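# Summary of structural features
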Amino acid sequence: MNVIVLHGSPRKGMNSDTLAGELLRGLAETGDHEVKHFYVNEMNIRPCRGCLICASSPTHSCAIDDDMGIIYDAYRGADLVVWASPMYWGYITAQLKTVQDRMEALAFEGFDGKTSAVLFTYNHHYESAANMFRRIAPHFHIDLHVLACRTYDPETKASLPIEACTKELSEAYTLGRKLSEAG
Ligand SMILES: Cc1cc2nc3c(=O)[nH]c(=O)nc-3n(C[C@H](O)[C@H](O)[C@H](O)COP(=O)(O)O)c2cc1C
């Protein structure tokens, strides 16, 4: 499979990246896949300006010329898209939301046949973000898998290192294996 990983956290290598890493470990153990990583915080991706030139242009191209072009190319060829993000104020990070908005230009071709694995790390809640992905998945015929990992202990009110989340890390690994076997 062709796999792209959209890393939403500005904290490279931390919770959501670690969760994504476990999914990729499961994938790698059960198949040969080409994986491309996009650390969106490090990329020059400007926000959608709502011009809708993508809607009217014959090729449905985005009018903004920036690093999103690299993601467009990779996304088109991807079988599996991994969205890995911490929750920031009830949604994915602004960096990843910017990428999501710019996907408008791809929506005209549709997303049929793509699988999305959406991985959240969070302290208190993730459903608001998960529900948006769940709402659009049937419309776009996306095979959606959502996995969330709470990196916070409400009893002690302390952050948990992701390494303590053994159940969720194992779920991510198992999901990777399952997606590899299905793909
Ligand atoms: C600015 C900011 C906003 C946050 N907002 C939320 C939130 O709305 N809901 C929540 O459950 N956690 C929230 N968190 C906690 C992070 O989602 C959580 O610590 C996550 O595991 C960090 O993942 P990372 O290590 O991949 O960056 C927030 C953290 C930051 C820094």
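Residues numbered from 1 in each chain as written. Predicted model: local features only at pLDDT ≥ 70, side-chain atom pairs only at ≥ 80, totals over all residues. Heavy atoms only, no water.

### Details of the site of the ligand
This is how the line gets drawn: Residues are labelled near a given molecule or strand when at least one of their non-hydrogen atoms is within 4 Å of it. Polar contacts, as used here, are pairs of N or O atoms within 3.5 Å; protein pairs need one atom able to donate a hydrogen and one able to accept it. Residues neighboring in sequence count only if both atoms are side-chain atoms. Calculation of accessible area relied on Shrake-Rupley with a 1.4 Å probe; when residues are assessed, cover is drawn exclusively from the protein chains displayed. The helix count covers DSSP runs of H or I at least four residues long, the strand count covers runs of E at least two residues long, and both are numbered beginning at the N terminus. Note on residue categories: nonpolar means Ala, Val, Leu, Ile, Met, Phe, Trp, Tyr, Cys or Pro, charged means Asp, Glu, Lys or Arg, and polar means any other residue, Gly included.
Not every one of the 16 residues close to the ligand is listed here, only the nearest: S9, R11, S16, M87 and H124. Within the contact set of the ligand, an oxygen atom lies 2.9 Å away from a side-chain nitrogen or oxygen of N15. A distance of 2.6 Å separates an oxygen atom of the ligand from a polar backbone atom of M87. The protein chains hide 77% of the 650 Å² of surface that the ligand would expose on its own. Counting residues per element, the ones that place at least two in the shell around the ligand are α1 (15–30) and β4 (115–122). Taken together, the residues that form the shell around the ligand break down as 6 nonpolar, 9 polar and 1 charged.

### A word on the pairing of strand β2 (residues 34–39)
Under the convention used in this document: DSSP calls a pair of strands paired once it identifies at least 2 bridges connecting them. Look down the strands so they point away from you; if the path from the first strand over the helix to the second goes clockwise, the crossover is right-handed.
Here strand β1 (residues 2–7) runs beside β2; their pairing, made up of 6 bridges, is parallel. Note on β2: the bridge partner recorded for N2 is E34. The parallel pair β1 and β2 is bridged by α1, and the resulting crossover is right-handed.

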